[in-house]
Amino acid sequence: AANLQEEVSHIRQLLNAANMAFNIETSPDLGNIPLLVENVLSMSLKEAVTNVVKHSQATLCKVTIQQLPNGWHIIVEDNGRGMGHDITSFGGHGLKGMRERLEFVNGSLNVESTSGTTIHIHVPHPVQ
Ligand code: ATP
Ligand code: MG
C-alpha cells in the first residue's frame, strides 16, 4: 500500500509542524488494496488530518488503519474542541467530497463529536 504509506508520512510531517502529538496504529498487513480504494483512503486520511490541523485546536491526533474481515477502516481521532453544530452542516467541501468519493467505492463516513472529533472511514472489500 504505497500510496497510503506515503500519506502517513505526509500527515506525520503536517502534525509535527502543527506541534500536535501523533499516535498511529496500523494492521501489520493491509492486504492488496485495490488502487482505487487506496486512492480514496489516502485522500480521506489527508482531508481528515488537514481538518484536525485547521479546525480542532487539539494537542493529539490518533490514527488507526486496519484491515478487518469486512474491509478497511481508518479512524482519525482528535482531542480538540469538537465540531459542535458543524457536525450536521458539513459546511466546507472537504467532508462532502470525502463522502462522495467514499460512496464511489461503497464506503462510508461517520463523524462523532463528543469530546474532540472522531472520523470513521470504512470501505468494504470489493465484490469479486
Ligand atoms: P475545506 O475542506 O473545503 O477546505 P473545511 O475544512 O472548512 O473546508 P470540511 O472539511 O467539510 O470543510 O469541514 C466542515 C467543518 O467542520 C469545518 O469548517 C469545521 O468547522 C468543522 N470540522 C471539521 N473537522 C473538524 C475537527 N477535527 N475539529 C473541529 N471542527 C472540525
Ligand atoms: Mg476540510
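Residues numbered from 1 in each chain as written. Chains lettered and ligands numbered in written order. Predicted model: local features only at pLDDT ≥ 70, side-chain atom pairs only at ≥ 80, totals over all residues. Heavy atoms only, no water.

### Concerning the pairing of strand 5 (residues 117-123)
Counting buried residues in strand 5 gives six out of seven residues, a clear majority hidden from the surface. Where strand 3 (residues 71-78) lies against strand 5, seven bridges are found, and the strand directions are antiparallel. Note on strand 5: the bridge partner recorded for E77 is T118. Pairing between strand 4 (residues 108-112) and strand 5: five bridges, direction antiparallel. Residue pairing for strand 5: E112 is matched across the bridge by T118. Where strand 4 folds back onto strand 5 in an antiparallel hairpin, the turn is made up of four residues, including G116, whose phi is positive at roughly 75°. (Buried < 20%, exposed > 50% of the residue type's maximum accessible area, 1.4 Å probe, protein only. Helix = DSSP H or I, 4+ residues; strand = E, 2+ residues; numbered from the N terminus. Pairing = 2+ DSSP bridges.)

### Quick look at the pairing of strand 3
Look at any regular strand and the pattern is simple: side chains alternate between the two faces of the sheet. Strand 3 sits mainly inside the fold: seven of its eight residues count as buried. The sheet contact formed by strand 2 (residues 60-68) and strand 3 spans eight bridges and is antiparallel. Residue pairing in the sheet places K62 in a bridge with E77 of strand 3. Connecting strand 2 to the antiparallel partner strand 3 that follows it, the hairpin turn spans two residues.

### Description of the nonpolar core
Counting 30 residues, the largest nonpolar core has L41, L45 and V76 as its most contacted members. Those elements that provide at least two residues to this core are helix 1 (2-17), helix 2 (35-56), strand 2, strand 3, helix 4 (94-104), strand 4 and strand 5. (Core = buried A, V, L, I, M, F, W, Y, C linked by side-chain atoms within 4.5 Å.)

### A look at the side chain of N51
Of note, N51 is situated in helix 2. Those residues in contact with N51 that lie beyond four places of it in its chain are S56 and L95. (Contact = heavy atoms within 4.5 Å.)

### Observations regarding the coordination of the magnesium ion (ligand 2)
The protein atoms that coordinate the magnesium ion (ligand 2) are E47 (OE) and N51 (OD1), at distances spanning 2.0 to 2.1 Å. Placement of the pair is E47 and N51 together in helix 2, with a separation of four residues, close to one helical turn. Judged by relative accessible area, N51 falls into the buried class, the value being 16%. (Donors = N, O, S within 2.8 Å, 3.2 Å for Na, K, Ca; no water.)

### Notes on the confidence of the model for the protein
Of the residues in the protein, 92% have a pLDDT of 70 or more, and the chain-wide mean is 93. Per-element confidence in the protein ranges from a low mean pLDDT of 64 for helix 3 (residues 86-89) to a high of 98 for strand 3. Overall fold confidence for the complex sits at a pTM of 0.95, while the interface term, ipTM, reaches 0.99. (pLDDT = per-residue confidence, 0-100.)

### Regarding helix 2
Under the 1.5 Å per step criterion, the end-to-end length of helix 2 is 30 Å for 22 residues, consistent within 8% with the ideal 32 Å. Positive backbone phi, at 60°, marks Q57, one or two positions downstream of helix 2. (Expected span 1.5 Å × (residues − 1).)

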